[in-house]
Amino acid sequence: MGRLGVLLLNLGGPEQLSDVRPFLFNLFSDPEIIRIPIAALQKPLAWLISSSRAKKSQANYEKIGGGSPLRRITEAQARALESQLRSRGEDAKVYIGMRYWHPFTEDALAQIKQDAIEQLVILPLYPQFSISTSGSSFRLIEKIWNENPQLKPPKYTVIADWYKEPGYLQAMSDLICAQIDKCPDPDNAHVFFSAHGVPVSYVEEAGDPYQTEIEECTELIMQTIGRKNAHSLAYQSKVGPIEWLQPYTEDAIVELADKGVGELVVVPISFVSEHIETLEEIDIEYREIAEEAGIHTFNRVPALDTNPIFIQTLVDLVLRAAAAPSMDIDRVTQMKKKIKMYPQEKWEWGLTTAAEVWNGRLAMLGFIGIVVELISGRGPLHLFGIL
């Protein structure tokens, strides 16, 4: 097989409070987050947003210890994966490529070239595929390779999604059952899956398979659990006036309480690492909503992090992908249709606490009104609350 490299893809997040503003600048410098017709205004606009939002975002990160644990956890996952691959006799090295914070994807690809990796497996740490998570990272890699073909390894393959993997399903099932058993009345505990949302247009117009994969994954996990507990699925972090996947998590929690549900086991279905959307949005914001609605038990299922079954699943994925025919990156980056452009709306400034999670939710949405306000000097600017 030759020297094997594995590139784990994730978003990245500010590791300390002083990182928040530059992290946000990187986020909003990306035209897939805010697409405006005058490219020269991209970075000034990113500076404006990041400067305006820094203090509020820092306050949210303060609630979870002063920074994102995402890099630390991802590095631990990489070390565990590399160790297990080596124990299987592979001359393997695992790299991390983040979209908007260190270690950046560009740096990882340069190191892969320097280390003379002969075969590369690209593995996103997103179980389900979306054009705005895995797809966005794949498009970045494609762009880097197009600009510098020498960085492209002799052989590579891409893993688009892996939510059907039996080991992943079993690891999730074990974690969920542990939280069910902690409830006062385990048989009546409601298993509540919360996934990050995307605009409906991504699914209906761009052909994003994300919703289908999330729904199928939820049912596969419940089948693996093998219990008769009721369950439901909702989507968190909706922003702006456009339609997002429903039901929304905050609304669904209240509806369940109104129906008499008193024990909730909350499952962050689309996350494999703890980060701000689990530690702040679910653990603090949604817990508060649940308690105010009358739910007396709120057990949140922990993220997989370095769960041994999960790591073994990654090992199996990598070895199987390396032995199979290659999957080219351009086969998973194409959207079926173009997402239509939306006009600028007058919204208040806002960056939700889930900023760490999404890298492209509002990709290709039009912001022409921003340019008008920038040029005319009218203000304040009213922007999307972007994830």
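Scroll up to find the structure.
Just so it is clear, the model here is predicted, and its values are computed rather than measured.

Q: What am I meant to see in the environment of glutamine 58 here?
A: Relative to the helices and strands, glutamine 58 resides in helix H2 (residues 42–62). Sequence separation between glutamine 58 and arginine 21 is 37 residues; the distance between their C-alpha atoms is 8.5 Å. Beyond its immediate stretch of four places on either side in the chain, glutamine 58 contacts Leu17 and Val20.

Q: How should I be thinking about the pattern of salt bridges in this particular structure?
A: Note on pairing: side chains with opposite charge can pair once their charged atoms come close. Under the defined criterion, the tally for this structure stands at 13 salt bridges. Among the salt bridges present, the one from lysine 93 reaches aspartate 115, with a minimum N-O distance of 3.0 Å. Pair noted here: lysine 93 is in strand S2 (residues 92–98) and aspartate 115 is in the loop between helix H4 (105–114) and strand S3 (119–124), with a separation of 22 residues, a long-range link. Assessed through its relative accessible area of 26%, lysine 93 is described here as partly exposed. By relative accessible area, which is 15% here, aspartate 115 ends up buried. In this structure, the salt-bridge partner of aspartate 181 is arginine 227, at a minimum N-O distance of 2.9 Å. Pair noted here: aspartate 181 is in helix H6 (residues 166–181) and arginine 227 is in the loop between helix H8 (210–225) and strand S6 (231–236), with a separation of 46 residues, a long-range link.

Q: Sorry if this is basic, but what is going on with the nonpolar core here?
A: In summary, soluble globular proteins display a tendency toward joint burial of nonpolar side chains. If you look at the biggest cluster of nonpolar residues, it comprises 79 residues, and the most contacted ones within it are Ile122 and Ile176. For this core, the element with the highest residue contribution is helix H11 (residues 308–323), accounting for nine residues. Each of two domains, domain 1 (4–16 + 67–162 + 307–337) and domain 2 (166–300), supplies a minimum of three residues to this core. Excluding residues within four positions of it along the chain, isoleucine 176 makes contact with Val191, Phe193, Ile221, Ile225, Val265, Val267 and Val301.

Q: Just to check I follow, could you spell out the sheet that holds strand S4 (residues 155–158) for this structure?
A: Backbone hydrogen bonds hold the strands of a sheet together, and the pairing may be parallel or antiparallel. Strand order in the open sheet formed by four strands is S2-S1-S3-S4, and the pairing between neighbours is parallel. Every interior strand has two partners, whereas the edge strands, S2 and S4, have only one. For this sheet, the mean inter-axis angle between neighbouring strands, taken without regard to orientation, is 20°. In the sheet, S3 pairs with S4 via four bridges, with the strands oriented parallel. Looking across to S4, one finds that isoleucine 122 is bridged to valine 158. Across the face of the sheet, helix H3 (residues 70–87) comes into contact with strand S1 (4–10) and S2 while running at roughly 160° to S2. Across the sheet, H11 touches S1, S3 and S4, and the angle it forms with S3 is around 135°.

Q: When you look at H3 in this model, what are you seeing that I'm missing?
A: Along an α-helix, residues three or four apart share an orientation, since each turn contains 3.6 residues. Here H3 is 18 residues long and its end C-alpha atoms lie 26 Å apart, about the 26 Å a rise of 1.5 Å per residue gives. Leu70, Ile73, Thr74, Gln77, Ala78, Leu81 and Leu85 are the residues of H3 that are buried. Buried residues along H3 cover an arc of 140° about the axis, so they all sit on one side. Along H3, exposed side chains directed more than 90 degrees from the buried face belong to Arg72, Arg79 and Ser87. Tucked into the core, H3 has its buried residues touching S1, S2 and H11.

Thresholds applied
For every chain, the first residue of the written sequence is number 1, and numbering continues from 1 along that sequence. Confidence filtering applies because this is a predicted model: local features only for residues at pLDDT of at least 70, side-chain atom pairs given and counted only at 80 or more, and all residues used for totals across whole chains, interfaces and linings. Side-chain numbers here rest on the full set of heavy atoms in the structure, without hydrogens or water. In this description a helix means any DSSP run of H or I spanning at least four residues, a strand means any run of E spanning at least two, and both kinds are numbered starting from the N terminus. A contact between two residues is defined here by any heavy atoms of the two lying within 4.5 Å. By definition, a salt bridge exists where a carboxyl oxygen of Asp or Glu is found within 4 Å of a side-chain nitrogen of Lys or Arg. The buried label applies to any residue whose accessible area, calculated with a 1.4 Å probe on protein chains only, is under 20% of its type's maximum; exposed applies above 50%, and partly exposed to all values in between. Here, nonpolar core means buried Ala, Val, Leu, Ile, Met, Phe, Trp, Tyr and Cys residues that are tied together by side-chain atoms lying within 4.5 Å of each other. Domain ranges listed in this record stem from an automatic or a database domain assignment. Whether two strands pair depends on DSSP finding at least two bridges between them. Axes here refer to lines fitted to C-alpha atoms; in helices the fit is confined to the stretch in contact. Angles between the N-to-C directions go from 0 to 180 degrees. Expected span, for any helix, means 1.5 Å times one less than how many residues it has. To obtain the arc, one takes the directions from the helix axis to the C-beta atoms.

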